[in-house]
Amino acid sequence: MKRPNPTFLTKAVEIKEKRHNRIKIAIIVIAVLSLLTIFVIKVASMQQVYRERFPELVGAGTATAAETAESSESSEQEEIPVTETAEASEETTEDILAPVVVQDDEPTEETTASEETEQNNAPDVFVESDPVYFSDSYPLQTISHEDRDVELDQLKQDVINYMDLYSNERICFRYVNLSSNETLGINDLDPIVPGGAITLPVSIAYYERIDKGWTYPTSVVTYQGEEAPEGSSYIADTYEAGKQFYLRTCANLAVTMNDNLALQYMLDSMGGLENNWSAISSISSYINYTDSVIYTDFEGELQRGPHRTSAYDLAAYAEYLYTAYINDPDLYQPLINDLAASEKPTGIRTAFGEDTLILHMSGTDVEYSAYTDVAIIDAEEPVILVIYCECSSADRAATIQADLATYLARYLTYCHS
């Protein structure tokens, strides 16, 4: 048998190796191209997401060299950064609150109407004010106890003489000294129409329910467009139907602005006045607010109906709050703050001056010409003063409050003169 040519075998092996190498190279090239294709497709698919998430950066990397140079030169001259795209320019303008140039000189009627009627219905965050505190100490009395008794009798006579002088008006007066328990009441047991002043005992019951976990200040109520029951309402006058409020906001408006609708929202969240009257009446209920009473008003007309109280009861509620606050300041601090921030005018401040801390709750019932003010006054001594009057107008009521409060202010000053 003839042996194969060695040269031929060597060439055959080389050809076979070249074929294998070509196949390997082809496979590698195909694999690399495939990976590049997948990468390009992936980048392209993320481009839209990139545009949506970072619209202010789109086009930032595509500025021409000339634009970049011009921007750099402008920055050196004016020291104000300039971006190249319209979107980036609008974003920068908004951030620095620079004036925006509008193409149209005047807004269209449609835009104006939309701006006027637009309302954010979400509840506004309530921010507590800085806490208000009573004095830590008070000056010592400088007169004898006998002289004080004489002056207290004179205070009583001054108030009686005033009421006799204006016998065509119905006036009730109650004074309580929180440090000595000294009291003075004239017509303080007569039925009165408290109006919004009833918010004081309701607010006390409200915070005690919070303490027990039965009510939450973060609960949300919605204004449905209803009118305020038996009085005015800041909510009804200011907002459109659909606006939401935290109960804490309602508690604040009920005290500071006599908002009867806010008070009603509080009562609804508490299960109504009837469900809370037992707690309120345990403080004081010489005249039961839920029962019907009969009395004669300042015009000599016989009146009959519920929702009456007395100056005695209102003073008892204020005294209870003062003591409860001293014992548990954290719980009642919001109510103390609201009383100090009352936006309703009071003649009592006229008598004691702006420097005296006065926490007060006003009440007005126009139908019965009834005006009430119950105040905790941090003067030379901490005192409570309740003045109720039925008279011709709110201005006249403010005058009565100022006159009677002046008698008390003079009495306290004399005791420390």
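Keep in mind it's a predicted model, so treat the numbers as computed, not measured. In this numbering scheme, every chain counts its residues from 1 along its sequence in written order. Totals for whole chains, interfaces and linings use every residue, but because this is a predicted model, local features are given only for residues with pLDDT of at least 70 and side-chain atom pairs only at 80 or more, for both listing and counting. For the side-chain quantities, the full set of heavy atoms in the structure was used; hydrogens and water were omitted.

Put simply, DSSP marks the helices as runs of H or I at least four residues long and the strands as runs of E at least two long, and each gets a number from the N terminus on. A count of helices and strands for the protein chain gives 14 helices and 9 strands. Using a 1.4 Å probe on the protein chains alone, a residue whose accessible area is under 20% of its type maximum counts as buried, one over 50% counts as exposed, and one in between counts as partly exposed. Going through the 417 residues of the protein chain one by one, you find that 38% of them count as buried. Taking the contacts inside the protein chain whose residues are at least 6 apart along the sequence as the reference set, 65% of them involve residues at least 24 apart. In what follows, residue pairs with any heavy atoms lying within 4.5 Å of each other are defined as contacts.

What follows covers the pattern of salt bridges. Throughout this description, the term salt bridge denotes a Lys or Arg side-chain nitrogen within 4 Å of a carboxyl oxygen of Asp or Glu. The final tally for this structure, using the stated rule, is 9 salt bridges. Between Glu 128 and Arg 248 there is a salt bridge, with the nearest N and O atoms lying 2.6 Å from each other. One end of the pair, Glu 128, is in the loop between helix 4 (109-117) and helix 5 (145-165); the other, Arg 248, is in helix 8 (residues 247-256), with 120 residues separating them in the sequence. We classify Glu 128 as partly exposed; its relative accessible area is 38%. Linking Arg 174 and Asp 188 is a salt bridge whose minimum nitrogen-to-oxygen distance equals 3.0 Å.

Bringing the nonpolar core into the picture now. Leu 200, Ile 235, Tyr 317, Leu 321, Leu 339, Ile 376 and Ile 384 are the most contacted members of the largest nonpolar core, which totals 63 residues. The element best represented in this core is helix 11 (residues 311-327), accounting for 9 residues. With residues up to four places along the chain from it excluded, the contact list for Ile 384 reads Arg 174, Tyr 175, Val 176, Leu 178, Ala 315, Ala 318, Glu 319, Ala 375 and Ile 376. Membership of the second largest hydrophobic core comes to 32 residues, among which are Ile 143, Leu 155, Ile 171 and Phe 352. We define the nonpolar core as a collection of buried residues of types Ala, Val, Leu, Ile, Met, Phe, Trp, Tyr and Cys that are connected through side-chain atoms lying within 4.5 Å of one another.

As a further point, take the packing of aromatic side chains. Under the pairing criterion, centres of Phe, Tyr and Trp rings, with the six-membered ring standing for Trp, must be within 6.5 Å; the plane angle then separates stacked pairs below 30 degrees from edge-to-face pairs above 60, leaving the rest tilted. Counting across every chain of the model gives 10 aromatic pairs. An angle of 80 degrees between the planes, with centres 5.1 Å apart, marks the rings of Tyr 239 and Phe 245 as edge-to-face. Taking the centre distance of 6.3 Å and the plane angle of 35 degrees together, the rings of Trp 277 and Tyr 289 count as tilted. Taken together, the residues span a long stretch of sequence, with Trp 277 in helix 10 (residues 274-281) and Tyr 289 in the loop between helix 10 and strand 5 (293-296) at a distance of 12 residues.

On to the sheet that holds strand 9 (residues 382-390). Spatial strand order, 2-1-9-8-7: 5 strands in an open sheet with antiparallel pairing. Two strands in the sheet have a free side with no partner beyond their single neighbour: strand 2 (183-186) and strand 7 (357-365). Direction aside, the axes of adjacent strands within the sheet are offset by 10 degrees on average. Criterion used throughout: strands pair if DSSP finds at least two bridges between them. Here 9 bridges tie strand 8 (residues 370-378) to strand 9, and the two strands are oriented antiparallel to one another. Within the sheet, the bridge partner assigned to Tyr 371 lies in strand 9 and is Cys 389. Structural elements are reduced to axes, namely lines fitted to C-alpha atoms, with helices fitted over the stretch in contact, and the angle between N-to-C directions of any two is expressed from 0 to 180 degrees. Against the sheet, helix 11 touches strand 1 (170-177), strand 8 and strand 9, its axis set at about 150 degrees to strand 9.

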